[in-house]
Every structure is written in structure tokens, then in C-alpha cells.
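Each chain, letter by letter, is given below.
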Amino acid sequence: MNIGIVCYPTFGGSGVVATELGKALAAKGHCIHFISYQQPVRLGSFLENISYHEVNVSNYPLFDYQPYELVLASKLVDVVKYEKLDLLHVHYAIPHASAAYMAQQILKSEGIDIPFITTLHGTDITLVGKDKSFEPVITFAINQSNAVTAVSESLKQETLEYFKIKTAINVIPNFICIEGCEHPDTDEELKNSIAPNGEKILAHVSNFRKVKRVKDVVKIFAQVRKEMPCKLLLIGDGPERHEAEVYCREKGLSDDLKVLGKVKDTERILSIADLFLLPSEFESFGLAALEAMAVGVPVISSNTGGIPEVNEHGFSGYLSDVGDVNEMAKNAINLLGDEEKLNQFKLQAFNQAKKFDILNVLPMYEKLYKSIVK
Ligand code: GMT
């Protein structure tokens, strides 16, 4: 099939999922056209069956805000026509679904039929989606989609609760490529440089937005550090990063904190960790937790949104109520302090991640594509 994938090119989960999906589809022989305002970070260099079409946003001085949705829709019309696409798959409803609808209508007026699938990722529905000013457009664009998917059952239910949705929502979970994670080469040099005396390593990956509760990450770490020598790796960047760093300075934790910023090879870095922390206020899925589990790192998380569909309590890690830092720290201390149990959880985390192997998930997307392409 000839498929156009529209996504955000950044480090966020929806862009990662869209890019990895496109790469996997291309490896199976489909022709994939990524359409975005920048080359997606996970795309890397040239790959067979993949092309990238950039949406050029001009900065005409009249516009305080550039009309991205319009240039995206125009780009979609162009790519669909000239690359003869069979289907558009847009990741993240805002503004991708409405841009796809606009392109679809323009093409229809020229006698070209192009179906589009919208994949809901989370904040498009839960945070921004609840902002009433977006609601009519999101509801309309979702309902006009030829098919809709959500990355967890929880997100599907949230969507149905907040929007009047008439289209069926298919749950297709996020995925991980297990091949290559099975025997990850632990980067001993990196491990020694982070924890030279064999300290336990806790890790957190996110975009450091409020919803991630990064302060809770640091508070959990502070409690664990009272009980055993340990290090905290903070991976990613965003508005809450500075506050977390300041907190560490004030509490005298900085010597055991390593802030890595945005990195592309998260798996390599995560594979040196003993525990992953995800205390978010909300997660539709929690892809970062799945990425940690795939390299055998158990997860201490909140029990919100779609996280319980990914992290199994008492198996791949532990779940607690949002904000229950004390319980999260207690679970972390128990696990890290018992080597045998920790190793068992590391294995179980990997086994849990296997359920989300791309080999199981890719056919679900392909089946859906076939059902809407004439
Ligand atoms: O987590 C974010 O803030 C980024 C956001 C995105 O769209 O990139 O992530 C959402 O989509 C991911 C991929 O489907 C999910 O794993 C995340 O749980 C979800 N984030 C939230 O729901 C807060």
C-alpha cells in the first residue's frame, strides 16, 4: 500500500509511535510517506520505501500565528495526488485530523477518493481536547475519519466520555520492537560512569511537562537515597526540568543526579537502569514505561489512565495512586533492596513488554488499512 503518515516530528510518544510504525510498514514492503514540518527524530537516514515530505510554514509578517493546518492540508492534497496515496494515517487529532478532512474534501472535488485514519494518542483528547474551544472541530474531525484508533482502552473510554463520537474506536495499543531488546548489550562504560561504585540506577524519561509530575520523581529518589546508594537519570527536556534540578540542589541531591536532556538512543541508556519511575498525573498509555520494560527495567508508576494496561502491578512493577510518593518510594526500596526479587521483576518486565511486540500489533493496523482502502 502507498500510505501517508502525518505526525509531530518531535521526541513525544505520538511521533515516536508514528515513525516506528512507518518504518515497520516500510520493512514489510509498503511505501511510506511521512508528512510533517520537520524530519521525525526517530527516522534516521535514508531507508528503503520511505520518503519524507516537509510542510513549509512561511512566516509572512501579517500572521502572528502561522496557519499550519492550511499548509498541511495543501501539502496533503499535493502528496496524495502526485504520490498516488491509498490512505492517510494521521497521528494526534489536533490539527492533523481536521487538516486530513480538509484535504479529503478538496480531493473529492477533483474526483479523488482518499480515506484517512485518525489515531488518538492522549493529550489531544485529555488535555487539549477538554479545552472547550477545540471541542467542535475535534468532534467533527474524529467523526469524519474513515477509521479511528486509540492507544488504550482507557483513552477510548475518555474519548467517548468527553466527545459525542459516532465512529467506532478501535483500540490498537502502542508497541515496541522486541527484536534487538532481547539481549541488550549493557553499556558498561556508561554504567560505570553513572554509577562507579555499583549504585542502583533509577531513571525517568519524559517531556517534563506538568502532567509528568517530575517533582514526584525526585521526591521518590530522595527517599530511596536515604536507604541505599543510588543515582537518578533524568532523560528528556521541558518546562519542569529546571524546577526539578533546583529541588535537587536545595535537598543536596545533585551529586547523585544526572540530567541527560534529549537523547535519541533512549534504549541504550535505559538498559543500564534498575528501575523506571513514571508517577504521571495522566498517561493514555505510557510508552516510556514500555520502552523501559522492553530492556528489562521494572516500573514504579501511578495507576492512572492507560498505565495499568501496560505495567502490571506486582509483576512488571508496582502501581500507586497519583501523588502517593511514599508508597512509590516504599515499593522502590523493597524492590531495589532485594536482589533476587529485582532480577525476577526485570525478567517479568521484559516478558510483559513482549505482549506489545510490533509483530503482534502491526497486523492490527494492516487489517484496518485493508478494511478502508477500496
Ligand atoms: O506524553 C506526552 O505528553 C506526549 C504525548 C504525545 O502525543 O507525544 O504522549 C501521549 O502519547 C503517547 C504515545 O501514544 C502515550 O504513550 C502517552 O501516554 C501520551 N501522553 C499522555 O497521555 C500524557
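Residues numbered from 1 in each chain as written. Predicted model: local features only at pLDDT ≥ 70, side-chain atom pairs only at ≥ 80, totals over all residues. Heavy atoms only, no water.

Novice: Explain the side chain of His91 to me, please; I cannot follow it from the model alone.
Specialist: Secondary-structure assignment places His91 in strand S4 (residues 87-91). Dropping the residues within four chain positions of it, His91 is found in contact with Ile5, Val6, Cys7, Ser14, Ala18, Leu21, His96, Thr119 and His121. (Helix = DSSP H or I, 4+ residues; strand = E, 2+ residues; numbered from the N terminus. Contact = heavy atoms within 4.5 Å.)

Novice: Looking at this structure, I do not really get the side chain of His30. What am I missing?
Specialist: Along the chain, His30 turns up in the loop between helix H1 (13-27) and strand S2 (31-36). For His30, a relative accessible area of 12% translates into the label buried. Here Met1 takes part through its backbone nitrogen, which lies 3.1 Å from a polar atom of the side chain of His30. Those residues in contact with His30 that lie beyond four places of it in its chain are Met1, Ile3, Leu25, Asn49 and Glu366. (Buried < 20%, exposed > 50% of the residue type's maximum accessible area, 1.4 Å probe, protein only. Polar contact = N/O pair within 3.5 Å; in protein donor to acceptor, adjacent residues only side chain to side chain.)

Novice: I would appreciate a short explanation of the site of the ligand in the present structure.
Specialist: Taken together, 18 residues surround the ligand, and among them Ser14, His121, Arg209, Lys212 and Glu283 come closest. Within the contact set of the ligand, an oxygen atom lies 2.8 Å away from a side-chain nitrogen or oxygen of Asn174. At a separation of 2.7 Å, an oxygen atom of the ligand approaches a polar side-chain atom of Lys212. Looking at side-chain class alone, the shell around the ligand contains 5 nonpolar, 10 polar and 3 charged residues. Structurally, the shell around the ligand is a two-domain feature, drawing no fewer than three residues from each of domain 1 (2-175 + 358-372) and domain 2 (188-354). (Near = heavy atom within 4 Å. Nonpolar A, V, L, I, M, F, W, Y, C, P; charged D, E, K, R; others polar. Domains from an automatic or database assignment.)

Novice: How should the packing of aromatic side chains be read in this particular structure?
Specialist: Each aromatic ring pair is characterised by the separation of its centres together with the angle its planes make. As enumerated under the stated definition, the model contains 7 aromatic pairs in all. Taking the centre distance of 5.7 Å and the plane angle of 85° together, the rings of Tyr37 and Tyr68 count as edge-to-face. Here Tyr37, found in the loop between S2 and strand S3 (50-54), pairs with Tyr68, found in helix H2 (residues 68-83); they are 31 residues apart in sequence, far enough to count as distant. Classification of Tyr37 as partly exposed rests on a relative accessible area of 28%. Judged by relative accessible area, which is 15%, Tyr68 ranks as buried. Pairing Tyr365 with Tyr369 gives two aromatic rings, centres 6.4 Å apart and planes at 40°, and the pair type is tilted. With Tyr365 and Tyr369 both in helix H14 (residues 358-372) and 4 residues apart, this pair spans about one turn of that helix. For Tyr365, a relative accessible area of 0% corresponds to the buried category. Taking relative accessible area as the criterion, Tyr369 reaches 0% and is therefore assigned buried. (Phe/Tyr/Trp six-rings, centres within 6.5 Å; stacked < 30°, edge-to-face > 60°.)

Novice: Could you clarify how one ought to interpret the environment of Ser45 in this entry?
Specialist: Topologically, Ser45 is positioned in the loop between S2 and S3. Judged by relative accessible area, Ser45 falls into the exposed class, the value being 63%. With 33 residues separating them in the primary sequence, Ser45 and Gly12 have C-alpha atoms 19 Å apart.

Novice: It is not clear to me how the pairing of strand S5 (residues 116-120) should be interpreted in this structure. Could you clarify?
Specialist: Every regular strand shows the same layout, with side chains that alternate between the two sheet faces. Burial of S5 is extensive: 5 of the 5 residues sit out of reach of the surface. Along S5, one buried face is formed by Phe116, Thr118 and Leu120 and the opposite face, lined by Ile117 and Thr119, is buried too. Sheet topology places S4 next to S5; 4 bridges connect them, and they run parallel. Counterpart to Val90 in the pairing with S5 is Thr118. Crossover S4 to S5 through helix H3 (residues 93-109) is right-handed. (Pairing = 2+ DSSP bridges. Right-handed = clockwise from strand over helix to strand, strands pointing away.)

Novice: Looking at this structure, how should I read the sheet that holds strand S12 (residues 299-302)?
Specialist: By way of backbone hydrogen bonds, the strands of a sheet pair with one another, either parallel or antiparallel. In space, the 6 strands of this open sheet follow the order S10-S9-S8-S11-S12-S13, with parallel pairing throughout. Two strands bound the open sheet, and with one partner strand each, they are strand S10 (257-261) and strand S13 (317-320). Here the average twist between neighbouring strands, direction ignored, is 20°. Taken strand by strand, helix H7 (residues 214-227) contacts strand S8 (200-205), strand S9 (230-235) and strand S11 (275-278), and its axis lies near 165° from that of S9. (Axes fitted to C-alpha atoms, helices over the stretch in contact; angles between N-to-C directions.)

Novice: Explanation requested: the sheet that holds S2 in the structure shown.
Specialist: The parallel open sheet is built from 7 strands, whose spatial order is S3-S2-S1-S4-S5-S6-S7. At either margin of the open sheet sits one strand with a lone partner, and together these are S3 and strand S7 (169-171). Pairs of neighbouring strands in the sheet enclose a mean axial angle of 25°, with direction left out of account. Packed onto the sheet, H2 meets strand S1 (2-6), S2, S3 and S4 and runs at close to 160° relative to S2.

Novice: Sorry, what's going on with the domain arrangement of the protein chain here?
Specialist: One widely used convention gives an interface's size as the accessible area the parts lose upon coming together. Under the domain assignment, the protein chain is made up of domain 1 (2-175 + 358-372) and domain 2 (188-354). Computed from C-alpha atoms alone, the centre-to-centre distance between domain 1 and domain 2 is 31 Å. Contact with domain 1, which involves 21 residues of that partner, is made by 15 residues of domain 2. Counting each side, the surface lost to burial between domain 1 and domain 2 is near 1,300 Å², with a carbon and sulfur contribution of 60%. It is Phe11, Arg42 and Asn174 in domain 1 that bury the most area against domain 2; as a group they hold 34% of the surface buried on that side. Inspection of the domain 1/domain 2 interface yields 1 salt bridge. The shortest N-O distance in the salt bridge between Arg42 and Glu291 comes to 3.0 Å. In this assembly, domain 1 and domain 2 are joined by 7 residue pairs in polar contact (both at pLDDT 80 or more). (Buried area = accessible area lost by both parts, 1.4 Å probe. Salt bridge = Lys/Arg side-chain N within 4 Å of Asp/Glu carboxyl O.)

Novice: Whenever I open this one, the pairing of S10 confuses me. Can you help?
Specialist: Across 4 bridges, S9 lies against S10 in parallel orientation. Bridging across to S10, Leu233 finds its partner in Lys258. Tracing the backbone out of S9, into helix H8 (residues 241-250) and back to the parallel element S10 gives a crossover that is right-handed.

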